Amino acid sequence: MIPVVEVEKVSFSYDGEPVLEGVSFRLFSGDFCALIGPNGSGKSTLLKILVGLLRPQEGQVRLFGKPLSEFRQWHRVGYVPQKVTALVDRVVPLTVAETVALGLAARQDLSRQERHLRVVRALERVGLAGKENRLLRELSGGQQQRVFLARALAGEPELLLLDEPTTGVDFASQERFYELLGKLNQEGLTILIVTHDIGVVDRHVKQVACLNRRLVFHGDHHQFCRHPEVCGFTGPRHHLVGHCH
Amino acid sequence: MTFLREYTFLWPALVGGLALGVAGALIGIFLILRRDSLLPHALTHVALVGVALGFLTTRWPLLWALGVTVLAAFAVLEIRERAGIYEDTAVGILAGLGMALALVLASVAGSYDVRLLSYLFGNILALSASEALLAVALAFLVAGVLASRGEALFFVAFDEESAATCGLRVRLLKFWLAALTAALVVLGMRMVGLLLVSALMVIPGAAALEIAHGLRQCYLFSALFGALSVLGGLAAAVLFNLPPSGAIVLFSGLLFLLSFGLRRLK
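How each quantity is defined
Residues numbered from 1 in each chain as written. Chains lettered and ligands numbered in written order. Predicted model: local features only at pLDDT ≥ 70, side-chain atom pairs only at ≥ 80, totals over all residues. Heavy atoms only, no water. Helix = DSSP H or I, 4+ residues; strand = E, 2+ residues; numbered from the N terminus. Buried < 20%, exposed > 50% of the residue type's maximum accessible area, 1.4 Å probe, protein only. Contact = heavy atoms within 4.5 Å. Areas by Shrake-Rupley, 256 points an atom, 1.4 Å probe, with all protein chains shown as cover. Buried area = accessible area lost by both parts, 1.4 Å probe. Salt bridge = Lys/Arg side-chain N within 4 Å of Asp/Glu carboxyl O. Polar contact = N/O pair within 3.5 Å; in protein donor to acceptor, adjacent residues only side chain to side chain. Pairing = 2+ DSSP bridges. Axes fitted to C-alpha atoms, helices over the stretch in contact; angles between N-to-C directions. Parallel < 35°, antiparallel > 145°, perpendicular 65-115°, else oblique. Left-handed = near helix turned anticlockwise from the far one by under 90°. Nonpolar A, V, L, I, M, F, W, Y, C, P; charged D, E, K, R; others polar. Patch = residues over 30% accessible without salt bridge, like charges linked within 9 Å, V, L, I, M, F, W, Y side chains within 5 Å. Expected span 1.5 Å × (residues − 1). Core = buried A, V, L, I, M, F, W, Y, C linked by side-chain atoms within 4.5 Å. pLDDT = per-residue confidence, 0-100.

**Examining the overall build of chain A**
Okay, step 1: On a plain count of helices and strands, chain A comes out with nine helices and 10 strands.
Okay, step 2: Across its three principal axes, chain A shows a C-alpha extent of roughly 50 × 40 × 35 Å.
Okay, step 3: Looking at chain A residue by residue over its 245 residues, the buried ones come to 56%.
Okay, step 4: Long-range contacts, defined as pairs at least 24 residues apart, comprise 65% of the intrachain contacts of chain A with a sequence gap of at least 6.
Okay, step 5: Carbon and sulfur atoms form 47% of the exposed surface of chain A, whose accessible area is close to 10900 Å².

What follows is the structure in structure tokens.
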């Protein structure tokens, strides 16, 4: 079985300061993995490497079996960047439907009708059907976050990458968002999510990859709670998370 | 119509002005969303270097201006990405250096006089028929680019990082935007002068963004405000014997105030 994501001995540094050192892991179809770690541990950097925004100085990344340098099927990958809702200020004139359609901007092969159908379908999947003509800036932070998720889903990807998607969103909206991700995962979507919220690991995901420049842990989320090195940097408060079965 | 038959010299000003007003306003939307509203202002200063080079070589000042301005626009993109300089700092450095170099070159060329000043304030009424046709061609090019790649350009202006991950050729799109901005700046410099051309590109777009509900309305209002600015300004200039460039930009400012007020009334 070809891994959806294959990271092999990847290293990266900013101006000589190492951020990632020899990181290797694989994700297979249907996986739902949280990428966690302290600030500056290289989580967002790794995600940016996966979507081709940064090039690793050492090692190799393969998506769907293809080296990143040869990978062209970006419609198979959906990406929700960090703090994306911060872009929505009072001058942005986009409607919800137009925002979601941006996710198809590179798909010149799709007819107008097909594009419309995909936008409607993506909004239905995130529970925002009927809000197509609302202005994006008029929605709540949680709803905006779901619009950006719909934008990533519009291309009907097989792999979804999210970088701290619920930052600045209230707890109830966060819970709804993660439940939605769980549902999408059950539909077959492979998901890798960068998060600081260790509670998410316990409640929603199947796997955890823990970074602190190098990969400290990758495996089942139940085992994660008991891993001694992980407890070392997540702190005593998180060590006490009591949902390990 | 009798008025226009009588004042035939107004035709190039009207046609060229409308074309540039509409095209500049449309491109202005993208500049505002990229927080790049000062880019045309900096480019006008560099365009003056091209004009001075034209004086120095005694030919084609506008062609020189176009070449130098397009190169400068590309340079700004590169400097920001590679040198890690703040955008407004890069723009400030470019504007200052451009103006200084232009003054030195014009002085060396012995044209530090009224010819140089004519580019500072422009004169839409002195637009030739060929310049008006050039403006129309540029407007069609802008419309063509927006019709075919408008959504992609908007995506890049709004959220560059996500646009890059969708497989869009972000760098190429940014170069298109920079090149169109540079071309509009150079032609706009003839029309309203380098001191005011950036205002004509930014104010109608800003007015449209105040009241537009959706991208399509944004394009529509922006083009409309660009056209109305030129028409209203020209009419005021002819009727009240005002400097056309100032009247055009003031009219666009009036439209901005109206849309700003309208939004607050909603």
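**Some thoughts on the interface of chain B and chain A**
Okay, step 1: Contact residues are listed per partner, giving 27 residues for chain B and 31 residues for chain A.
Okay, step 2: When chain B packs against chain A, close to 2400 Å² is buried across both sides, 57% of that on carbon and sulfur atoms.
Okay, step 3: The three residues of chain B that bury the most area against chain A are B:E151, B:F158 and B:T165, which together make up 27% of that side's buried surface.
Okay, step 4: One can count three salt bridges joining chain B with chain A.

**Observations regarding the pattern of salt bridges**
Residues and elements named next belong to chain A.
Okay, step 1: Across all of its chains, the model carries 18 salt bridges over all chains by this definition.
Okay, step 2: Among the ionic pairs, E187 bridges to R125, the shortest N-O distance being 3.1 Å. In this pair, E187 sits in the loop between α5 (171-186) and β8 (190-194) while R125 sits in helix α3 (residues 112-125), placing the two residues 62 residues apart along the sequence.
Okay, step 3: Relative accessible area serves as the criterion here: at 25%, R125 is assigned to the partly exposed category.
Okay, step 4: Members of the salt-bridge network, linked through shared partners, are E6, E8, R26 and R62.

**Side note on the side chain of B:S222**
Residue and element names in this part refer to chain B.
Okay, step 1: Topologically, S222 is positioned in helix α11 (residues 215-240).
Okay, step 2: Within the local environment of S222, its side chain forms a polar contact with the backbone oxygen of A25, the two atoms lying 2.8 Å apart.
Okay, step 3: Apart from residues lying up to four places away in sequence, S222 is in contact with A25, L26, I29, P204, G205 and A208.

**Comments concerning the pairing of strand β2 (residues 17-27) of chain A**
Residue and element names in this part refer to chain A.
Okay, step 1: Here seven bridges tie strand β1 (residues 5-14) to β2, and the two strands are oriented antiparallel to one another. Note that in β2 the partner of V5 across the bridge is L27.
Okay, step 2: Between β1 and β2, which follow one another and run antiparallel, lie two residues, and D15 among them has a positive phi close to 50 degrees.

**Some words on the packing of helix α3 (residues 39-57) of chain B against helix α9 (residues 170-192) of chain B**
Pairs of packed helices are described in terms of their axes, by the angle between the two and the distance that separates them.
All names here are of chain B.
Okay, step 1: Relative orientation of the contacting elements α3 and α9 amounts to 65 degrees, with a least axis distance of 9 Å. Judged by the inter-axis angle, α3 sits roughly perpendicular to α9. Pair α3 / α9 crosses with right-handed handedness. When α3 is examined against α9, the residues P40, L43, T44, A47 and V51 are found in contact with a partner set consisting of T181, A182, V185, V186 and M189.
Okay, step 2: For the contact of α3 with α9, the residue count by class is eight nonpolar, two polar and no charged.

**Topic: a nonpolar patch on the surface**
Okay, step 1: Nonpolar side chains collect at one region of the surface, where B:W60, B:L63, B:W64 and B:L66 lie side by side and expose about 420 Å² of accessible area between them.
Okay, step 2: Structurally, B:L66 is set in helix α4 (residues 61-83).

**Some remarks on the pairing of strand β3 (residues 32-36) of chain A**
Residue and element names in this part refer to chain A.
Okay, step 1: The element β3 is largely enclosed, with a buried count of five among its five residues.
Okay, step 2: Burial along β3 is two-sided: F32, A34 and I36 and C33 and L35, pointing in opposite directions, are all buried.
Okay, step 3: As paired elements, β3 and β8 share four bridges and run parallel to each other. Within the sheet, the bridge partner assigned to C33 lies in β8 and is L192.
Okay, step 4: Across four bridges, β3 lies against strand β9 (residues 207-212) in parallel orientation. Bridge pairing in β9 places L35 opposite A209.

**Observations concerning the packing of α3(B) against α4(B)**
Residues and elements named next belong to chain B.
Okay, step 1: One can describe the packing of α3 onto α4 by two numbers: an axis separation of 7 Å at closest approach and a directional angle of 140 degrees. By the angle between their directions, the pair α3 and α4 is classed as oblique. Considering how the two elements wind past one another, α3 and α4 form a crossing that is right-handed. Between α3, through L39, L43, V46, A47, V49, G50, V51, L53, G54 and T57, and α4, the contact on the second element is made entirely by P61, W64, A65, V68, T69, A72, A73, V76 and R80.
Okay, step 2: In the contact of α3 with α4, the residues fall into 14 nonpolar, four polar and one charged.

**Points about the sheet that holds strand β5 (residues 66-67) of chain A**
All names here are of chain A.
Okay, step 1: Across the sheet, four strands lie side by side as β2-β1-β4-β5; this open sheet has antiparallel pairing. Across the chains shown, the open sheet's two edge strands, defined by having one partner strand only, are β2 and β5.
Okay, step 2: Bridging between β1 and strand β4 (residues 58-63) involves five bridges; their strand directions are antiparallel. The partner of V7 across the bridge, within β4, is V61.

**Here we look at helix α2 (residues 10-33) of chain B**
Side chains that are three or four residues apart share a direction in an α-helix, a result of its 3.6 residues per turn.
All names here are of chain B.
Okay, step 1: Taking 1.5 Å per residue, 24 residues should reach 34 Å; α2 reaches 34 Å between its end C-alpha atoms and fits that length.
Okay, step 2: Within α2, 20 of the 24 residues are buried, leaving the element largely enclosed by the surrounding structure.
Okay, step 3: One or two positions beyond α2, positive phi appears at R35, with a value near 55 degrees.

**Here we look at the nonpolar core**
Okay, step 1: Ranked by internal contacts, the top residues of the largest apolar core, which has 136 residues, are A:L149, A:L160, A:L162, A:L181, B:L48 and B:F158.
Okay, step 2: The element contributing the most residues to this core is α9(B), with 14 residues.
Okay, step 3: When residues no more than four places from it in sequence are discounted, the contact partners of B:F158 are A:L87, A:V88, A:V92, A:L94, A:L102, A:L136, A:F148 and A:R151.
Okay, step 4: Residues A:V19, A:V51, A:F71 and A:Y79 belong to the second largest nonpolar core, which totals 31 residues.

**Here's the deal with the confidence of the model for chain B**
Okay, step 1: Taken over all residues, the pLDDT of chain B has a mean of 89, while the share at 70 or more is 98%.
Okay, step 2: In the predicted assembly, ipTM is 0.84 and pTM is 0.86.

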